[in-house]
Amino acid sequence: MTTFLGMPAAPPPPASSGSHLRGTDSFPHAAARTLTDDQLRRNLAHATTTIRGKRARVVAEVPDWEELRLAGEALKADTMARLPELLEQLEAAVTARGGVVHWARDAEEANRIVVDLAGAALDRHPQAAREVVKVKSMATQETRLNDAFEAAGITAHETDLAELIVQLGHDEGSHILVPAIHRNRREIREIFLREMPDVDELFPEGLTDEPRVLAEAARLRLRRTFLRAKVAISGANFAVAETGTLSVVESEGNGRMCLTLPETLITVMGVEKLVPTWADLEVFLQLLPRSSTGERMNPYTSMWTGVTPGDGPQEFHLVLLDNGRSRVLADPRGRAALHCIRCSACLNVCPVYERTGGHAYGSVYPGPIGAVLSPQLTGVTDDASASLPFASSLCGACFDACPVRIDIPSILVHMRAQAVDAHARDVDHVAERAGMATVAWLFRDPRRLRLAQRLSRLAGLLARLQGHPRHLSWLPGPGRSWTRTRDLPVPRGSFRDWWEKEGRS
Amino acid sequence: MRIALFVTCLADTVAPEVGVATVRLLERLGHEVVFPPEQTCCGQMHVNSGYPAMALPLVRRYVETFERALGEGPDGGAEAVVVPSGSCTGSVRHQHADVAEQAGDTALAARARAVAARTFELSELLVDVLGVTDVGAWYPHRVTYHPTCHSLRMARVGDRPLQLLRAVGGIDLVELPGAEQCCGFGGTFAVKNADTSSAMLADKCSAICSTGAEVVSAGDASCLLHLGGGLSRLSTTRGDGTPRAVHLAEILASTRADRPERVTG
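Residues numbered from 1 in each chain as written. Chains lettered and ligands numbered in written order. Predicted model: local features only at pLDDT ≥ 70, side-chain atom pairs only at ≥ 80, totals over all residues. Heavy atoms only, no water.

Residues and elements named next belong to chain A. Here helix α4 (residues 83-96) is 14 residues long and its end C-alpha atoms lie 20 Å apart, about the 20 Å a rise of 1.5 Å per residue gives. Considered for burial, the residues of α4 that qualify are Leu 83, Leu 86, Leu 87, Leu 90, Ala 93 and Val 94. Down the axis of α4, the smallest arc covering the buried residues is 125°, so these residues share one side. The exposed set on the far side of α4, more than 90 degrees from its buried face, consists of Pro 84, Glu 88 and Ala 96. One or two positions beyond α4, positive phi appears at Gly 98, with a value near 95°. (Helix = DSSP H or I, 4+ residues; strand = E, 2+ residues; numbered from the N terminus. Expected span 1.5 Å × (residues − 1). Buried < 20%, exposed > 50% of the residue type's maximum accessible area, 1.4 Å probe, protein only. Arc of directions from axis to C-beta.)

Here you go:
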């Protein structure tokens, strides 16, 4: 007799290959390029040190900061625990207020939905330019929506200042909050001169690299775009399931222009950006600005619920993007990465990010959160994704900075084990596994450890050959990575030898 | 009090002076130190490198060894386990039970939690368990202190090491700029991401040198191995004035009778 154990269930699919979630190079290789760029390293160190200091000052002002973090963590955990039900509630609430909800499994599907919707809206204005304005959407950076628009003959204008700089520079963002963090003002001026053909007209006395002048140039250009745009694309910082309200927080007010002027508004958001009730916003709207920009409050908080006849966009679409998120949700050890509210505090405190910048991570989500989120969304089957969980010294600064207490170091360690298992049979990894197994075998028995300790003293011979009796300045094999910049002391008798010699055992 | 020493595999093999100093310090304070020879390693390197299953036998060895030391039997009688490393203390507290649970051994996980509850990093043992901040040390040197990431954020030892250092006679304790930033060691990170690690080390070494200290101290032999390695390399260009790396235990163990310049770097 056989027992039927049920149908095997396949895990949900990973993020689609068209997503901007993985690079082509492994992290150490990609990082090596940035590490040699002194200007970039100075830009990064200056920017992260400044934001870090500001954040520390405003966080210290809040007497209940730790309680707020605990509340943020608990609210996110609760949201993830009943995500399907809350998403349905959101859909019902948005629909009841005149919005239309679309579900997208992956990047291609999301792009198709958005391009079709935008195309249809633009068809109603045959005399208008085939263009859309965009604001505050990491989700559409993730799906590479701008490329899909370009393929459809529609121009997408980024309106966030830093995003605009990145777009005009034909570059990729390298920070969640400050995508152009790697550029200094001299470089920005050069980009504007090259990419804004009418900049001489706007600034007859010449464009300087003063931040005020650069911002004014962007402002004049954007203002004209806002006033003629018929369609806007936005992201969302939060979506309230209870009321169907969407929210974007920002510093420049460009988002508010996008959200109110065009006739059609299309919002693309990851399914994890949900909060259950309106009251939950009070926690996150305190945590987010202090953690991200080091401000007590962000300058602009925009909220909209469905459509209002005669006021603001008359057509509202909400695209809910999965793209691997339900796969992350399925892993109880890794799912807290979905709690992220994209404040970038972990990037600004990360010593690895500070040296390498965001491009080395190969994903729209760089830094510590990217190192756990991106490989979970895509899976760790390729070298580039598998190298991300190792792009950390596990110093733990990210966990302490995270406003919703995501234990990033623990998830990194969990993802490392997944990466190791996925590549167990790869030639490059066989040697590492053998090395680890040998060390584990030595540590399983103190007699073996002792033998290894005695053998390690042979290193003294090598050291003497190198001209110093007490340290090695060159090692062969993988040890060469160590001795390129550091010496290694020669073992001189173990502690257990001393203990025995003293007659203590 | 009878105290069991977990010297850590790293200190045992390449920095035995850390263990020796820990023993001398605790004995000077009137305590008995036992060294269970069955101990080897906490297993952190395997957990952090993605091989948790390989760490399981090491976790079991730690738990069995120190359960015996803390137990009633002939090898027992210890009231606490001391570890001269914030990193290994952190691993014992935050990884051991988890490794056992991942392997499905909930009984071992419970035992690991019980042993972890009686495992203390050196400065915690001194300040919290033995109730002493002035250990009667004498160390007439200019010293700067690197708090180490795992002491600070995994074991959460707080400012206990600084309380102890401030009470040392003759010491000139100077603040380290950017003290809480990682030195770039991170175990296998130093080899897997050698370029990034070296960039972090270079910044840390220049911060240390900027203080004019003769000695940089820390509570972790692993970070000191990294810092000492970087400073040693730097000394070939900078010369004899380059600071040395010295473990907190060695400073606390020094007395007027010693010759502190003999401490190794």
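Facing 62 residues of chain A, the contacting portion of chain B comprises 65 residues. Together chain A and chain B conceal approximately 5500 Å² of surface at their shared face, both sides included; 57% is due to carbon and sulfur atoms. For chain A, the biggest contributors to the area lost against chain B are Met 436, Phe 443 and Phe 495 of chain A; these three give 14% of the whole. At the boundary of chain A and chain B, one finds eight salt bridges. The salt bridge partner of Asp 487 of chain A is Arg 233 of chain B, with a shortest N-O separation of 2.8 Å. With seven residues, helix α21 (residues 427-443) of chain A is the largest single contributor of residues to the side of chain A that touches chain B. Residues of the side of chain A that touches chain B, tallied by class, amount to 30 nonpolar, 13 polar and 19 charged. (Contact = heavy atoms within 4.5 Å. Buried area = accessible area lost by both parts, 1.4 Å probe. Salt bridge = Lys/Arg side-chain N within 4 Å of Asp/Glu carboxyl O. Nonpolar A, V, L, I, M, F, W, Y, C, P; charged D, E, K, R; others polar.)

Here we come to the side chain of Arg 486 of chain A. Relative to the assigned elements, Arg 486 of chain A resides in the loop between α24 (480-483) and β12 (488-489). An unpaired buried charge is present at Arg 486 of chain A: no salt bridge exists, and Asp 195 of chain B, the closest side chain of opposite charge, is 8.1 Å distant. A distance of 3.3 Å separates the side chain of Arg 486 of chain A from the backbone oxygen of Ser 481 of chain A, its partner in a polar contact. Of note is the side chain of Arg 486 of chain A, whose polar atom sits 2.6 Å from the side chain of Ser 197 of chain B. (Lys, Arg positive; Asp, Glu negative; His and termini not counted. Polar contact = N/O pair within 3.5 Å; in protein donor to acceptor, adjacent residues only side chain to side chain.)

We now examine the confidence of the model for chain B. When the pLDDT values of chain B are averaged, the result is 96; 97% of them are 70 or greater. The ipTM for the predicted assembly is 0.95, set against a pTM of 0.95. (pLDDT = per-residue confidence, 0-100.)

Next up on the list: the pairing of strand β6 (residues 245-250) of chain A. Residue and element names in this part refer to chain A. The element β6 is largely enclosed, with a buried count of six among its six residues. Across three bridges, the pairing between strand β5 (residues 238-240) and β6 is antiparallel. Bridge pairing in β6 places Ala 239 opposite Leu 246. Here β5 folds back onto β6 in antiparallel fashion, the turn holding four residues, of which Gly 244 has a positive phi close to 75°. As defined by bridge partners, β6 adjoins strand β9 (residues 300-305) across six bridges and the pair is classed as antiparallel. Bridged to Val 248 within β9 is Ser 302. (Pairing = 2+ DSSP bridges.)

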